[in-house]
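# Secondary and tertiary structure notes
Letter by letter, the chains look like this.
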Amino acid sequence: MKTIHINEQFKEDWTRVLNHIANLFYEDSVIQIEQDGSDMSIEFNKSIDENFTISTFAKLIVEGQEYTSDYSIKYSTEGTEKEQNIRMKRALSHVMLDVLEQYSGMTQQWGILTGVRPTKLYHKYRKEGMNDEQIAAVLKEDYRISDQKIALMKAIVERQLTVIPDLDELGKEISIYIGVPFCPTMCAYCTFPAYAIQSNRKAGRVEKFIDGLHIELREMGKWLTEKNMRITSIYWGGGTPTSIEAHEMDALYKTMFDAFPNPESIREITVEAGRPDTITPEKIEVLKKWGIDRISVNPQSYTQETLKAIGRHHTVEETVEKFWLSRNSGMNNINMDLIIGLPNEGIEEFEHSLAESAKMQPESLTVHTLSFKRASEMTRNKDKYKVADRDTVGKMMQMATDWTAENGYVPYYLYRQKNILGNLENVGYCKPEEESIYNIVIMEEVQTILGIGCGASSKFVHPTTGKITQFHNPKDPAAYILTFEESIAKKIAILDELYS
């Protein structure tokens, strides 16, 4: 915990951004006006002149030492009040980051960026007509992003435009997320809607949830059909949607295909089968019956002690077995997830996970960096879970970068999270032409994602302005059962306004 005194009472959103910058260096931080009890002080100065030039200055005073930084940037227009607010926050972040880097000796590869979607920023400048060199200059000078991360962003954007040449036009279509909120057990790092299926089965919630999901699929399908909407991609997530029985999956897929319009134009359907202990030959046959061959089989780690520590009750051997069962049964596009920085894992354990992945060569490998999510078991009991330090997770990420390149994978999407180890990122790699369209469109926010099912979030993106409206279905199965009809009505009202 670090307490940082600042010399001025800033707006709440400015202080929040400065807190995010401080948290890049310290596990937790507090920004306060009072000097008493503070570990360090930062004096800020800021100004805007008649030529629309913003200037900021910061002086960090800590342990008898002073560190200073100044920054200025000229804009061509005065900008709206909202734009002025964003510009000043960015300029203050710039000098705060600089003085903290000077003091700590750390270099933040992502600069002042603390948001989830860095590549969305790259796309923004691209669509404004800037070339790669101009974009790189802005990202480096105004956001302090490193050359390495800028190169990663550029490679991902190029890949996305190769895979989806009409990416900028996808606002005319829609994608769909369908949430099934059950898992065999809850992982310690997880905050997704994931409820133990056996206890919920006994309580009758699984059957009632599925009944509600059938209704929601049909009702949303009616609206989509009336508007003759084209569906880009469909993603079955959760939870683990293969936690339910094969006949339940079969009936839901039938409802989906009966209800949704233009099924022949759907570019991709994915089913998250992330828990290997949920995969059976019968369920694979159901997937094949409906022409679905894109799934996830997620090891997270190939160290048994780690799986036990994070609450995954399958074995390493079962992961390998279920991968080959899926592959040999006709699943032609398999994703696998690995997580950097899991409890008690270091270089040796991650090296072993990469070696095991090499034997299987899945079509895509998503490399996550552990994030301490606020509501997770791991965050609530941090002392119980010993994780790798910043330098180690950085080396592990570099190992993943090198391994994927050596094995013919390319990066095609990335996202970041708050409280992510080493201030790193999550990167989706794949064999060329095996990219997940859904992962790209949700990360770049280029079209509406309609959420159906328990815990499903809808992100309504206006097809011309890009303005985003969100709506969340209840996470708890019991609450979903009681309110899904109300949620249907609210989402249809938003859709009617959006596409009228």
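Presented here is a report on the structure given in the accompanying data block. (Residues numbered from 1 in each chain as written. Predicted model: local features only at pLDDT ≥ 70, side-chain atom pairs only at ≥ 80, totals over all residues. Heavy atoms only, no water.)

### So, the pairing of strand β17 (residues 457-461)
This is how it is decided: Whether a residue is buried, partly exposed or exposed follows from its accessible area with a 1.4 Å probe, protein chains only, as a fraction of its type maximum: under 20%, in between, or over 50%, in that order. Here a helix means four or more residues in a row that DSSP labels H or I, a strand means two or more in a row labelled E, and each is numbered from the N terminus. For two strands to pair, DSSP has to find at least two bridges joining them.
Counting buried positions along β17 gives 4 out of 5 residues, so the element sits mostly inside the fold. Two elements, β17 and strand β18 (residues 468-472), share 5 bridges in a ladder whose sense is antiparallel. Bridge assignment links S457 to a residue of β18, and that residue is H472. The hairpin formed by β17 and β18 contains 6 residues between the paired strands, and G466 there has a positive phi angle of roughly 80°.

### Regarding helix α15 (residues 437-444)
The buried count for α15 comes to 7 of 8 residues, which makes it a mostly enclosed element. Burial in α15 covers these residues: I437, Y438, N439, I440, V441, M443 and E444. A positive phi of about 55° marks E445, the residue just after α15.

### Points about the packing of aromatic side chains
Operational definition: Classification of ring pairs rests on two measures: the distance between centres of Phe, Tyr or Trp rings, Trp counted by its six-membered ring, which must be within 6.5 Å, and the angle between planes, read as stacked under 30 degrees, edge-to-face over 60 and tilted in between. A ring is considered to have a charge above it if a Lys NZ or an Arg CZ atom is located within 6 Å of its centre and within 35 degrees of its normal.
In total, this model carries 16 aromatic pairs according to the counting rule given. Members of the aromatic cluster, joined through ring pairs, are F182, F209, Y480 and F484. If you follow R87 out to its NZ or CZ, it ends over the ring of Y75, 3.9 Å from the centre. Taking NZ or CZ as reference, K431 lies 4.3 Å from the ring centre of Y409, over its face.

### Focus on the side chain of D13
Note the cut-off: Nitrogen and oxygen atoms within 3.5 Å of one another constitute a polar contact, given that in protein one can donate a hydrogen and the other can accept it, and given that sequence-neighbouring residues count only through two side-chain atoms. Should any heavy atoms of two residues lie within 4.5 Å, those residues are counted as being in contact.
When you line up the elements, D13 lands in helix α1 (residues 12-23). Only 2.7 Å separates the side chain of D13 from the side chain of N85, close enough to count as a polar contact. The residues touching D13, leaving out its near neighbours within four places in the chain, are N85 and K89.

Bear in mind that shape data such as this cannot, by itself, settle questions of function.
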